Amino acid sequence: MEIFAIANQKGGCGKTTTATNLAAALAINGKKTLLIDLDPQAHASLGLGVDKEISIYDCLSKISNHKCALKDIIVNIAPNFDLAPSNIMLSTLDQELSGEIGRESRLFDCVKDIADGYDFCLIDCPPNLGLLTVNAIRSANSLIIPVEASRFSVDGVKRLVEIVGLVRERLNHSADFRVLVNNFDSRLRHSFRILNKIKETFGAKVFNTIVHINVKIKEAQSVAQTIFTFDKYSRGSKDYFSLSREIISKEEAIVEKISQQMKKIVQKKAKEISPVTFEFSAGSAASVFVVGDFNNWTPGDDARLDNVDGIWKKRLNLKPGSYKYRFVIDGKWQKDPANPAAEINPFGELDSLLLVKD
Ligand SMILES: Nc1ncnc2c1ncn2[C@@H]1O[C@H](COP(=O)(O)OP(=O)(O)OP(=O)(O)O)[C@@H](O)[C@H]1O
Ligand SMILES: [Mg+2]
């Protein structure tokens, strides 16, 4: 599961808008997605029409009367799209946990339990750098930092990135970050100037997708819908769908890279070993094993030969080298009668010799 914290201490830059609409877009792409509302304002929950007494607070708190696991609070919003809602109780958590050891990892501990059930988890953070945001960074693989094209502040983003660095040092957890340009007004020259400044500052960390200013996004929220159910042909829909594709294709590229690396390792390992077939002709025997210094002279299941039309056979993968071996026929040890290469062992009996070449 890939976990993104949508964070920026600056209020109103589009965290909740991005969290809800990106979650919906990932779900439309067939990716099982969980949105965790980690803001006591509960804008993501309310914006999706969810107002619950039990919330993420009850998973993170130690003194809640309704203490429960993350899976117990989950509400389904749409196919592949689940929400872990918030409510105002979450605003008391900072004080409640002050002085508690491990308080920065409480969300991480909850999220671990549901990791197998989802492809993506998005965490909508509050507009500050307090305990909740630190918990989100501690849980996340990566941050998505929405910045407004009109009100962008390099210092604000740098401060947040410093917190990511502190989490790395103090909690030994390294999260990456990407910057998302939001509220872009292509009619204004000023917007392009700011966009250039953002790209100059953060380079490849900036998403290619830009979310344009689009009134439909606001209207969708006012009737507790995502942009996709409200107006799937809107500019907002296109932008958030494009963002989801950018994220998914990056994930797929990483998965592909890992699988290519795995393939290379397997191929390299395969080159290092050679298949060797041992054969013994004894149709009347009940069991035949091949034992040697390649299997610690142990007649276990891996050493058992199969009877194929009266010929006992076993294929073993061996690394290049020289080996000694014997057959065990119905419990009696003997050399390989078909192999003239043999030498006397310390018991005065013959071991067969085998050379596996590169
Ligand atoms: N691309 C956009 N086009 C039009 N309106 C937008 C866009 N992005 C965000 N908004 C509007 O801006 C306002 C603030 O957005 P949002 O609530 O997502 O910000 P936020 O960062 O979550 O705020 P807070 O810091 O309070 O949590 C909302 O009214 C939202 O509808
Ligand atoms: Mg918000």
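Only a predicted model underlies this, so the values are computations on that prediction, with no experimental measurement involved.

Asks: Help me out: how do you make sense of unusual backbone geometry in this one?
Replies: Glycine aside, negative phi is the norm for most residues, and most peptide bonds take the trans geometry. Look at asparagine 296: it is not a glycine, yet its phi comes out positive at around 60 degrees. Tracing the backbone through its elements, the reader meets asparagine 296 in the loop between β10 (288-292) and β11 (306-308). Of the residues examined, asparagine 296 reaches a relative accessible area of 67% and is grouped as exposed. Despite not being glycine, aspartate 309 shows a phi value in the positive range, around 50 degrees. Note that aspartate 309 resides in the loop between β11 and β12 (311-318). Judged by its relative accessible area of 78%, aspartate 309 is exposed.

Asks: Any chance you could explain the site of ligand 1 here in plain terms?
Replies: Inspection of the region around ligand 1 gives 20 residues, with Lys15, Thr16, Thr17, Asn182 and Gln221 positioned closest. One of the side-chain N or O atoms of threonine 17 is found 2.5 Å from an oxygen atom in ligand 1. Burial of ligand 1 by the surrounding chains reaches 85%, relative to a free accessible area of 630 Å². Put simply, the parts of the chain that give the shell around ligand 1 at least two residues each are α1 (15-28), β7 (176-184), β8 (206-212) and α9 (215-222). When grouped by side-chain class, the residues that make up the shell around ligand 1 number five nonpolar, eleven polar and four charged.

Asks: When you look at helix α6 (residues 131-139) in this model, what are you seeing that I'm missing?
Replies: Helical periodicity: at 3.6 residues per turn, an α-helix aligns residues three or four positions apart in one direction. The buried fraction of α6 amounts to nine of the nine residues, a majority that puts the element mostly inside the structure. Among all positions in α6, only Leu131, Leu132, Thr133, Val134, Asn135, Ala136, Ile137, Arg138 and Ser139 are buried. On its buried face, α6 is in contact with β1 (2-6), α4 (93-96), α5 (106-112), β5 (120-124), β6 (142-148) and α7 (154-171).

Asks: Teacher, can you tell me more about the environment of threonine 33 here?
Replies: Here threonine 33 is to be found in strand β2 (residues 33-37). According to the relative accessible area criterion, threonine 33 is buried, its value standing at 0%. Sequence separation of threonine 33 and aspartate 119 is 86 residues, and the distance between their C-alpha atoms is 6.0 Å. Excluding residues within four positions of it along the chain, threonine 33 makes contact with Ala23, Leu26, Ala27, Asn80, Phe81, Asp82, Tyr118, Phe120 and Leu122. A distance of 2.9 Å separates the side chain of threonine 33 from the backbone oxygen of lysine 31, its partner in a polar contact.

Asks: Would you mind going over the side chain of serine 142 with me for this structure?
Replies: Here serine 142 is to be found in strand β6. Serine 142 gets classed as buried once you look at its relative accessible area, which sits at 6%. Excluding its chain neighbours within four sequence positions, the residues that come into contact with serine 142 are Ile3, Phe4, Ala5, Ala175, Asp176, Phe177 and Arg178.

Asks: Can you walk me through the sheet that holds β11 in this structure?
Replies: In any sheet, the strands associate via hydrogen bonds between backbone groups, in a parallel or an antiparallel arrangement. A sheet is described by the order of its strands in space; here three strands give the open sequence β9-β12-β11, paired in antiparallel fashion. Both edges of this open sheet fall to β9 (274-281) and β11, since each of them pairs with a single strand only. The mean inter-strand angle of the sheet, taken between neighbouring strand axes irrespective of direction, is 35 degrees.

Asks: Please explain the sheet that holds strand β3 (residues 75-78) as it appears in this structure.
Replies: Read from one edge to the other, the open sheet built from eight strands follows the order β3-β4-β2-β5-β1-β6-β7-β8, with strand pairing classed as mixed. The sheet is open, and its two borders are formed by β3 and β8, each paired with just one other strand. Each strand of the sheet is rotated relative to its neighbour by a mean of 25 degrees, with strand direction disregarded. Where β1 meets β6, three bridges bridge the pair, whose relative direction is parallel. Residue pairing in the sheet places phenylalanine 4 in a bridge with serine 142 of β6. The sheet contacts of α1 involve β1, β2, β4 (81-84), β5, β6 and β7, and relative to β5 the element is tilted by about 165 degrees.

The rules we used
Residues numbered from 1 in each chain as written. Chains lettered and ligands numbered in written order. Predicted model: local features only at pLDDT ≥ 70, side-chain atom pairs only at ≥ 80, totals over all residues. Heavy atoms only, no water. Helix = DSSP H or I, 4+ residues; strand = E, 2+ residues; numbered from the N terminus. Buried < 20%, exposed > 50% of the residue type's maximum accessible area, 1.4 Å probe, protein only. Near = heavy atom within 4 Å. Polar contact = N/O pair within 3.5 Å; in protein donor to acceptor, adjacent residues only side chain to side chain. Areas by Shrake-Rupley, 256 points an atom, 1.4 Å probe, with all protein chains shown as cover. Nonpolar A, V, L, I, M, F, W, Y, C, P; charged D, E, K, R; others polar. Contact = heavy atoms within 4.5 Å. Pairing = 2+ DSSP bridges. Axes fitted to C-alpha atoms, helices over the stretch in contact; angles between N-to-C directions.

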